[in-house]
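Results of the structural survey
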Amino acid sequence: MFVHPDIDPVAVAIGPLAVHWYGLMYLLSFLIGWGLGILRTRQPHVRWQREEVGDLLFYVVLGVVIGGRVGYMLFYQPGLLLENPLQLFYIWQGGMSFHGGMLGVFAAAGWFARATQRTFFDITDFVAPIVPVGLFFGRIANFINGELIGRVTDVPWAMIYPRVDMAPRHPSELYEAALEGLLLFAVLWWFASKPRPRMAVSGLFLVGYGSLRFFAEFFRLPDAFLGFVAFDWMTMGQLLSTPMILGGILLLVLAYRRPQRATP
């Protein structure tokens, strides 16, 4: 059994200026994502220019931040949003939703596609293998903050979170970092390293993330203000992941039934 290290969520403080680990993890995600995007442009079948990666990153950052915050308030705190709409802008209080961020990235992809005369799936197929990097660092930030904790368990690697209680719990943030981050990245990077029909990489991402998130939610404590949202066992994360899985399967079927040119 282990004890959570209880790390200060503030990484650096200089006078009134405080830099949180969460913000640093976002910055690190975007920097590494930019580097991986450059590597993607060097793959023979990828028809992207190095200079385009930085432009795309700008759109993606906007989509992640705006979509993540709006999604969190709509999916997880709609009552609070109705009570005080200004809560939408209180980003420093925390609260970001991956599913909202994903919708934000979809909107950014559509915007960028229109601006560059590409198709929507040209953009998402290019970005999909890079996204798990952000998921990994996001979950590490959750672990540092001691949030999104797991359910009580008796497994040998259980962890106690003293700020919460003294019950041994699944370190679910680390589970998700390993599954949605490292494993999903490895699968998608390998899959996208060869020419694939348009939509195939995007479809695999949706199926992969949705399935891994659905599985990981069985070890994660449901949000206290929501509890189980269906059937006395389904969490909001699982509910939101279900259409991702179905949508991903549909994209894969369409991609291989009517294969178009290889993903650029």
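Notes on the structure follow.

1. Describing the overall build of the protein chain
Scanning the protein chain for helices and strands turns up nine helices and five strands. Reading the protein chain from its N end, one meets helices and strands in the order β-β-β-α-α-α-α-α-α-β-β-α-α-α. Relative to the compact-globule value of 18 Å for 264 residues, the protein chain shows a C-alpha radius of gyration of 19 Å, a close match. With the principal axes as the frame, the protein chain shows a C-alpha extent of 55 × 45 × 40 Å. Accessible surface computed for the protein chain: about 13400 Å², of which carbon and sulfur atoms make up 71%. Positive and negative side-chain charges of the protein chain, numbering 19 and 17 respectively, have mean locations separated by a distance of 14 Å.

2. As for unusual backbone geometry
One non-glycine residue, Gln117, lies in positive phi territory at about 60°. With respect to the helices and strands, Gln117 occurs in the loop between α4 (98–116) and α5 (120–127). For Gln117, a relative accessible area of 71% translates into the label exposed. Positioned with a positive phi, Leu148 is a non-glycine residue whose angle comes to about 55°.

3. Regarding a nonpolar patch on the surface
Taken together, the side chains of Phe58, Leu62, Ile66, Val70, Leu74 and Trp111 make up a nonpolar region of the molecular surface, amounting to roughly 600 Å² of accessible area. By residue number, the principal contributor to the nonpolar patch is helix α2 (residues 50–75), which donates five residues. Its location among the elements puts Leu74 in helix α2.

4. Topic: the pairing of strand β3 (residues 17–20)
With four bridges joining them, strand β2 (residues 10–14) and β3 adopt antiparallel strand pairing. The residue bridging Val10 from the neighbouring strand is His20, located in β3. Connecting β2 to the next strand, β3, in antiparallel fashion are two residues, including Gly15 with a positive phi near 60°.

5. Some words on the sheet that holds strand β4 (residues 159–160)
With respect to topology, three strands assemble into an open sheet ordered β1-β4-β5, the strand pairing being mixed. Two strands in the sheet have a free side with no partner beyond their single neighbour: β1 (2–3) and β5 (168–169). Examined bridge by bridge, β1 and β4 share two bridges and lie parallel to one another. Bridging from a neighbouring strand, Val3 pairs with Ile160 of β4.

6. Regarding the packing of aromatic side chains
The full count for this structure, using the stated rule, is 19 aromatic pairs. Taking the centre distance of 6.1 Å and the plane angle of 25° together, the rings of Phe231 and Trp233 count as stacked. Assessed through its relative accessible area of 37%, Trp233 is described here as partly exposed. Here the aromatic residues Trp48, Phe58, Tyr59, Trp111, Phe112 and Phe126 are joined through ring pairs into a cluster of three or more. Looking at Arg196, its charged tip hangs above the ring of Trp190, at a distance of 5.5 Å from the centre. It is Arg196 that lies over the ring of Phe191; its NZ or CZ is 4.1 Å from the centre.

7. Describing the nonpolar core
Nonpolar side chains in soluble globular proteins tend to end up buried together. Core analysis: the largest hydrophobic core is formed by 20 residues, its most contacted members being Phe98, Leu184, Phe205, Leu206, Tyr209 and Met244. Counting only elements with at least two residues in this core, the list comes to α4, α7 (172–192), α8 (200–216) and α9 (236–257). For this core, the element with the most residues is α8, which contributes seven residues. What Phe98 contacts, discounting residues up to four positions off in sequence, is Val131, Leu135, Phe205, Tyr209, Arg213 and Met244. Core analysis: the second largest hydrophobic core is formed by 17 residues, Trp48, Val64, Ala108 and Phe112 among them.

8. Focus on the packing of α2 against α4
Direction vectors running N to C along α2 and α4 enclose 145°, while the axes themselves pass 6 Å from each other. Pair α2 / α4 crosses with right-handed handedness. Between α2, through Glu52, Asp55, Leu56, Tyr59, Val60, Gly63, Val64, Gly67, Gly68, Gly71 and Phe75, and α4, the contact on the second element is made entirely by His99, Gly100, Gly101, Leu103, Gly104, Val105, Ala108, Trp111, Phe112 and Ala115. Taken together, the residues that form the contact of α2 with α4 break down as 11 nonpolar, eight polar and two charged.

So, how was this worked out
Here the residue numbering is sequential within each chain, running from 1 through the sequence in written order. In view of the model being predicted, local features appear only for residues whose pLDDT reaches at least 70, and side-chain atom pairs are presented and counted only at 80 or more, with totals across whole chains, interfaces and linings using the full set of residues. Heavy atoms from the whole structure form the basis of all side-chain values; hydrogens and water molecules are not counted. In DSSP terms, a helix is any run of H or I states spanning at least four residues, a strand is any run of E spanning at least two, and both are numbered starting from the N terminus. Within these notes, the globule rule equals 2.2 Å times the number of residues to the 0.38 power, and the radius of gyration is based on C-alpha atoms. Note that accessible areas follow from Shrake-Rupley with a 1.4 Å probe, and for residues the cover is restricted to the protein chains shown. Only four residue types enter the charge count, namely Lys and Arg as positive and Asp and Glu as negative; His and the chain termini do not. Charge placement uses NZ in Lys and CZ in Arg. For Asp and Glu, CG and CD serve respectively. Note on classification: 1.4 Å probe, protein chains only; a residue is buried when its accessible area is under 20% of the maximum for its type, exposed when over 50%, partly exposed between these limits. What makes a patch is a set of residues exposed beyond 30% relative accessible area and free of salt bridges, joined within 9 Å when like-charged and within 5 Å when nonpolar (Val, Leu, Ile, Met, Phe, Trp, Tyr). For this analysis, a salt bridge means a side-chain nitrogen from Lys or Arg found within 4 Å of a carboxyl oxygen belonging to Asp or Glu. Strands were regarded as paired on the criterion that DSSP finds at least two bridges between them. Stacked, tilted and edge-to-face are the three classes applied to pairs of Phe, Tyr and Trp rings, where Trp contributes its six-membered ring and a pair requires centres within 6.5 Å; stacked means planes under 30 degrees apart, edge-to-face means over 60, and tilted covers the rest. Lysine NZ or arginine CZ positioned within 6 Å of the ring centre and within 35 degrees of the ring normal marks a charge as sitting over the ring. Within this scheme, the nonpolar core is defined by two criteria: the residues are buried Ala, Val, Leu, Ile, Met, Phe, Trp, Tyr or Cys, and they are joined through side-chain atoms within 4.5 Å. By definition, residues are in contact when any of their heavy atoms lie within 4.5 Å. Inter-axis angles, ranging from 0 to 180 degrees, are taken between N-to-C directions of lines fitted to C-alpha atoms, where helices are fitted over the stretch in contact. Crossing chirality is assigned from the near helix's rotation relative to the far helix, an anticlockwise turn below a right angle marking it left-handed and a clockwise turn marking it right-handed. Asp, Glu, Lys and Arg are counted as charged, while Ala, Val, Leu, Ile, Met, Phe, Trp, Tyr, Cys and Pro are counted as nonpolar; the rest, among them Gly, fall into the polar class.

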